[in-house]
2 protein chains.
Amino acid sequence: MDIRTRLISTAEQLFDRHGFTATGMDRLTQAAGISSRTLYKHFGSKNGLMAAVLNERDRRFHRRINADSVDALFGALEAWFAEEGARGCLFLRAWGETGGGVPEIAEVMARHKERLRQRIDDIVVAEIGHRDDELAEAILLLFEGATHAATYRGGAAVDGARRAARRLIAGART
Amino acid sequence: MDIRTRLISTAEQLFDRHGFTATGMDRLTQAAGISSRTLYKHFGSKNGLMAAVLNERDRRFHRRINADSVDALFGALEAWFAEEGARGCLFLRAWGETGGGVPEIAEVMARHKERLRQRIDDIVVAEIGHRDDELAEAILLLFEGATHAATYRGGAAVDGARRAARRLIAGART
DNA sequence: GTACATGTAAAGTGATCGTTTTACACTCAG
DNA sequence: CTGAGTGTAAAACGATCACTTTACATGTAC
């Protein structure tokens with residue numbers, strides 16, 4: 001496997017499971033079987049690595065939630081949690097741990113959330129045939145809520161969000 | 001002001017604004033104007049201080065969202081954000097930064113979320129006259145979603161959550 | 001065959017981490 | 001008057017932080 005890819009996926013796991021600040025560079029290089037010199041050649045700094053990890057996660061995430069209905073959207077979220085675990089939004093966690101003060105990270109976070117909103121806009125159009133900003137906002141909030149509530153309520157959170165979204169859509173269709 | 005109270009409120013601000021792990025003990029003692037020896041006499045360890053901060057925040061938070069309607073609930077959340085800023089749920093952030101591995105913190109988090117769910121259960125009863133688990137779950141998810149989406153969407157997130165909750169309640173009343 | 005890119009291992013940078021220690025001042029109850 | 005309690009300032013603890021440096025092994029391209 002490519003050395004960049006290997007390091008990014010190792011780092012993503014460690015950051016996700018133990019937190020960004022709590023994960024030291026020694027632990028990262030050791031887990032990935034890579035020298036620290038190579039790491040810094042590739043990513044420049046820890047913040048650079050964090051940004052790279054988040055960028056890769058953004059691509060992977062949006063590839064997986066490529067859905068055209070609310071049911072499929074929350075189904076994809078459920079599958080994601082089943083495979084990767086639910087520990088809250090990694091983008092918001094990175095933003096919080098850095099106090100919002102690292103531009104590269106704040107930008108990836110903002111881009112990720114914008115894409116999420118666009119995806120949901122498209123799903124709303126597919127469901128009811130036209131744009132509905134209020135409905136899309138509600139589904140985004142349910143999605144965000146499920147993402148975080150799943151850390152302490154498990155799959156029931158995603159289920160509840162899906163059901164609520166269905167009701168709101170049914171109400172909007174009439 | 002009492003020395004414990006002063007330290008807890010100083011620590012809450014620093015933890016919230018800069019992250020738990022990123023906030024060192026030196027910064028804490030200096031900001032509170034307190035010797036590190038005194039800090040350790042009172043709280044034993046950094047984890048002990050974090051748990052104390054979260055416990056105090058839990059009390060303050062639930063005192064402020066003591067509402068008897070969804071409108072009042074989201075109104076209280078909006079006021080909270082206006083005064084304290086929106087950087088996501090501090091309990092989930094603490095849990096994430098510690099990798100879920102600190103029992104004292106995991107317990108405060110769980111207790112906090114249980115109380116939130118109970119409060120919402122009560123509000124649902126006040127709104128529609130009887131229990132409705134699915135509706136309560138949906139409102140919890142909207143609340144959680146607004147809490148986190150407000151970090152990047154501002155007050156619009158709370159507004160959207162309130163409107164969606166109103167619709168769901170209107171649907172449940174018929 | 002030599003120059004370059006890409007990797008490793010390992011030691012060292014100074015700073016900062018959470019925590020403890022030493023030494024000293026003040027208050028107040030017995 | 002004394003001893004316990006509560007506070008301070010400041011230095012020290014070893015560990016770990018993010019990051020750099022030195023020295024050396026590759027394979028590959030001109």
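Residues numbered from 1 in each chain as written. Chains lettered and ligands numbered in written order. Predicted model: local features only at pLDDT ≥ 70, side-chain atom pairs only at ≥ 80, totals over all residues. Heavy atoms only, no water.

Q: For the protein's contact with DNA strand D, give the residues involved together with the corresponding values.
A: Close contacts around DNA strand D come from 15 residues, with A:Met25, A:Arg37, A:Lys46, B:Ser35 and B:Thr38 the closest. For DNA strand D, the backbone makes up 59% of the atoms found within 4 Å of the protein, where backbone means sugar plus phosphate. A:Arg37 is positioned with one of its side-chain polar atoms (N or O) 3.0 Å from a base oxygen of DNA strand D. In the environment of DNA strand D, a phosphate oxygen lies 2.5 Å from a nitrogen or oxygen atom belonging to the side chain of A:Lys46. Those elements that place two or more of their residues in the surface near DNA strand D are helix H3 (36-43) of chain A together with helix H3 (36-43) of chain B. Classifying every residue of the surface near DNA strand D by side-chain character gives 4 nonpolar, 8 polar and 3 charged. (Near = heavy atom within 4 Å. Polar contact = N/O pair within 3.5 Å; in protein donor to acceptor, adjacent residues only side chain to side chain. Helix = DSSP H or I, 4+ residues; strand = E, 2+ residues; numbered from the N terminus. Nonpolar A, V, L, I, M, F, W, Y, C, P; charged D, E, K, R; others polar.)

Q: Before we move on, can you summarise the interface of chain A and chain B with the specific residues and values?
A: Chain A puts 37 residues into the contact, and the matching count from chain B is 37 residues. When the two sides are added together, the surface that chain A and chain B hide from each other amounts to roughly 3,000 Å², 64% of it contributed by carbon and sulfur. The largest contributions to the chain A side of the interface with chain B come from A:Glu134, A:Leu141 and A:Tyr152, which together make up 20% of the buried area. Counting across the chain A and chain B interface gives 6 salt bridges. Residue B:Arg163 is joined to A:Glu134 by a salt bridge in which the shortest nitrogen-to-oxygen separation is 3.5 Å. On the surface where chain A and chain B come into contact, there are 8 residue pairs in polar contact (both at pLDDT 80 or more). Secondary structure elements with two or more residues in the side of chain A that touches chain B: helix H1 (3-18), helix H6 (90-97), helix H7 (103-128), helix H8 (133-153) and helix H9 (155-173) of chain A. Residue contributions to the side of chain A that touches chain B peak at 14 residues, all from H8(A). (Contact = heavy atoms within 4.5 Å. Buried area = accessible area lost by both parts, 1.4 Å probe. Salt bridge = Lys/Arg side-chain N within 4 Å of Asp/Glu carboxyl O.)

Q: Hey, could you go over the layout of surface pockets for me, with residue numbers and the actual values?
A: Roughly 310 Å³ of volume is contained in the largest pocket. In this structure, the largest pocket is lined by 14 residues; those nearest its centre are B:Ser9, B:Glu12, B:Gln13, B:Arg60 and B:Glu84. The element best represented in the lining of the largest pocket is helix H1 (residues 3-18) of chain B, accounting for 7 residues. When grouped by side-chain class, the residues that make up the lining of the largest pocket number 1 nonpolar, 3 polar and 10 charged. One number sums up the size of the second largest pocket: a volume of about 230 Å³. If you trace the second largest pocket, you find 14 residues lining it, with A:Ser9, A:Glu12, A:Gln13, A:Arg60 and A:Glu84 closest to the centre. Taken together, the elements giving at least two residues each to the lining of the second largest pocket come down to H1 and helix H4 (46-64) of chain A. Here the lining of the second largest pocket takes 8 residues from H1(A), the largest share from any one element. The residue inventory of the lining of the second largest pocket, partitioned by class, reads 1 nonpolar, 3 polar and 10 charged. (1 Å grid on protein atoms, 1.4 Å probe; cavity = no way out; pocket = protein on both sides within 12 Å on 5 of 7 lines; lining within 4 Å. Points joined across faces, edges and corners; volume = space filled by probe spheres on them.)

Q: Explain helix H8 (residues 133-153) of chain B to me, using residue names and the numbers behind them.
A: Residue and element names in this part refer to chain B. Here H8 spans 28 Å end to end across 21 residues, near enough to the 30 Å set by a 1.5 Å rise per residue. At Thr 147, H8 is bent by approximately 30 degrees, the largest bend along its length. In terms of burial, H8 is largely enclosed, as 17 of its 21 residues are buried. The opening residue of H8, the one whose side-chain oxygen lies 3.2 Å from the backbone nitrogen of Glu 134, is Asp 132. Where H8 ends, the next residue or the one after it, Gly 154, has phi of about 70 degrees, a positive value. (Expected span 1.5 Å × (residues − 1). Bend = angle between axes of the 7 residues up to and from the residue. Buried < 20%, exposed > 50% of the residue type's maximum accessible area, 1.4 Å probe, protein only.)

Structural measurements only, silent on function.
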